[in-house]
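# Descriptive analysis of the structure
For reference, the chains in residue letters:
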Amino acid sequence: MLTNPATKYRPFPPVALTDRQWPSRTLTQPPIWMSTDLRDGNQALFEPMNAERKRRMFHTLCQIGFKEIEVAFPSASQTDFDFVRELIEGQHIPADVTIEVLTQAREHLIRRTMESLRGARRAIVHVYNATSQPFRDSVFHMSKADVLGMAVSAVALIKHLAEAQPETEWVLEYSPETFSATELDFARDVCDAVTETWGATPDRPVIINLPATVEMSTPNVYADQIEWMHRELARRDSVILSVHPHNDRGTAVAATELALLAGADRVEGCLFGSGERTGNVDIVTLALNLYTQGIAPGLDFSDINAVARTAEYCTQLPIHPRHPYVGDLVFTAFSGSHQDAIKKGFAAQAADAHWNVPYLPIDPADVGRSYDSVIRVNSQSGKGGIAYLLESAYGIVMPRRLQVEFSSVVKDHTDQQGCEVNANDLWNIFAATYLETATPVRYCEHHLFEHGKAQGIRLVIEQNGIQHELTGEGNGPIDAAVHALQGVGIRVQVRSYEERSIGASDEAGNAQACAFIELRPVNGSAEHYGVGIDGNIITASIKALVSGVNRNASAL
Ligand SMILES: CC(=O)SCCNC(=O)CCNC(=O)[C@H](O)C(C)(C)COP(=O)(O)OP(=O)(O)OC[C@H]1O[C@@H](n2cnc3c(N)ncnc32)[C@H](O)[C@@H]1OP(=O)(O)O
Ligand SMILES: CC(C)C(=O)C(=O)O
Ligand SMILES: [Mg+2]
């Protein structure tokens, strides 16, 4: 890299628009969406989609709710031409969907393009020519007037051919390719000439599409360019103003949002930002950004995973795990403080209140993602995430001090294994730590009996492999069991006791009770929890007591 990049690169010139209006506007409605996955997206693949992949993508785009879909560049390949024919002849185009096709402003390509659309109910013919200075000078070797004439001749030809195919309702779209690098007054003149040639009216508007063919400036400059055109274009009421941002600087979504504030009516882009180089603008992100502002986007991503899998299948490109809204990791919190806040946020979130869960800009359920994937546990995780997973997957609601105790058990595990643990792993660690402990004491059975006002217990345990039948009395079953254990030299104090039912029932459909007992050895200071689960509350408590005894013993 250069020490002084200014010797090679110039800043993009700002637009002289001092009274710009877009900064003080807010978005209140979605734009008209146009998917170009099957054209701009398709032209940028290692392997362009075959007919089967194109069909599948088209079907998915229709299901999502796109009403305008650029399906091909029919003059470019037989596959594209045939795909347009198949859609029309096979009557695969829903009544409320309009297909669009792209062509260069060259006579033989336009003729072939119009041929591909024969018999279509409604079609958008999209014609383009680059208008910026390097294209005029180096690619076309044309003056400004010649480039304007090229656009006008192309539109005149399309108009003429369209009149010969009256069975189709024709819509014209014109793009001054490289618009964002074109002098604004020249871009306006070309677009006005196109609008005039087509004879656009409010009832028969023309789509004027202003691409950031290569994104070259900060999003505010693109917004200024769009607002300038929005104000300057002739017959504005006969123009649908469209934008077509690419993502070379990584700011296509921002540029599009600002362009919509600046007066654009329509957006062209691809699912998950597929498309040339760094991609076209990501329509999924744009739509869901609107959704999180309370605006119905008009596109349905309630099963975003299914859309993602289709996109990956058709493009044969993976979606990044951190891609907004869809990436495998975007609804996942690993770090402890995030997990803690999310867990508390979920607990505080009332079903009918505005969404207000920390770290989650959208309810994952709205896009078909499950809460289970929200929190994942590795060595960066704290008690909140661990508690959340055990509660959401297994119905175990741990007391706070047990959360602290158990999280250090899990941390030991993740530090040693160096890997993530899922809810099932957590359950196995929890069961091994609290529920399946049998050393030095194994619970066998118990029987309660009344002894005057006292509660009596006959408790059968194994201690170091030897069975003992112990008796004890107390003011309740736990107290009696504590006294019974003294018969084998186990002397503990109960510091706290909690019992909760578990969401899950056992195989017979009975609800399970989960008891948590915090114990301290009479001659010690370390406190540990024991946990017992059983269909019977008393049995759960006695098991929890034995579990706590074993936890204390293992900590010695
Ligand atoms: C920004 C975009 O995404 S624009 C869309 C780009 N997509 C594609 O190009 C994919 C499909 N394209 C193709 O298959 C081919 O390029 C075709 C069929 C369109 C044209 O093929 P060819 O005639 O072989 O031309 P080629 O591919 O070399 O393109 C360069 C020619 O197109 C001309 N050209 C480029 N854009 C345009 C345009 N919008 N209008 C008219 N002519 C144009 C160039 O001046 C050049 O002409 P020249 O050969 O006389 O110097
Ligand atoms: C053809 C045009 C609209 C295009 O894809 C671009 O300029 O990026
Ligand atoms: Mg493009």
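Model, not experiment: these values are computed from the prediction.

The subject of this paragraph is the site of ligand 2. Neighbouring ligand 2 are the residues Asp40, Leu102, Tyr128, Ser175, Glu177, Asn209, Pro211, Thr213, His244 and His246. For the shell around ligand 2, the secondary structure elements donating two or more residues are β5 (169–177) and β6 (206–212). For the shell around ligand 2, the per-class residue count stands at 3 nonpolar, 5 polar and 2 charged.

What follows covers the sheet that holds β6. Spatially, the 8 strands close up into a barrel ordered β1-β2-β3-β4-β5-β6-β7-β8, and their pairing is parallel. Taken over all neighbouring pairs, the strand axes of this sheet differ in orientation by 25° on average, direction set aside. Sheet topology places strand β4 (residues 122–130) next to β5; 9 bridges connect them, and they run parallel. The residue bridging Ala130 from the neighbouring strand is Glu177, located in β5. Each of β4 and β5 touches helix α6 (residues 144–163); the most contacted strand, β4, lies at about 160° to it. Strands β6, β7 (239–245) and β8 (266–269) of the sheet are contacted by helix α9 (residues 252–261), whose axis makes an angle of about 165° with β7.

Before going further, it helps to spend a moment on helix α10 (residues 283–291). In terms of residue burial, α10 counts as a mostly covered element, since 8 of its 9 residues are buried. Among the residues of α10, those classed as buried are Ile283, Val284, Thr285, Leu286, Ala287, Leu288, Asn289 and Leu290. The inward-facing, buried residues of α10 abut β1 (32–35), α9 and β8.

Before going further, it helps to spend a moment on unusual backbone geometry. Between Thr439 and the following residue, Pro440, the backbone shows a cis peptide bond with an omega angle of 0°. Looking at where Pro440 falls in the secondary structure, it is placed in the loop between α15 (423–435) and β9 (441–451). In the Ramachandran plot, His141 falls in the positive-phi region, its phi being about 50° despite a non-glycine side chain. Locating His141 in the fold gives a position in the loop between α5 (133–140) and α6. What makes His141 exposed here is the crowd of 9 C-beta atoms within 10 Å. With phi around 70°, Tyr359 is a residue other than glycine that occupies positive phi space. Topologically, Tyr359 is positioned in the loop between α12 (336–348) and α13 (383–394). With 14 C-beta atoms counted inside 10 Å, the residue Tyr359 sits in the partly exposed group.

Conventions used here
- Residues numbered from 1 in each chain as written.
- Chains lettered and ligands numbered in written order.
- Predicted model: local features only at pLDDT ≥ 70, side-chain atom pairs only at ≥ 80, totals over all residues.
- Near = placed C-beta within 6 Å.
- Helix = DSSP H or I, 4+ residues; strand = E, 2+ residues; numbered from the N terminus.
- Nonpolar A, V, L, I, M, F, W, Y, C, P; charged D, E, K, R; others polar.
- Pairing = 2+ DSSP bridges.
- Axes fitted to C-alpha atoms, helices over the stretch in contact; angles between N-to-C directions.
- Contact = placed C-beta atoms within 7 Å.
- Buried ≥ 20, exposed ≤ 12 C-beta atoms within 10 Å, placed from the backbone.

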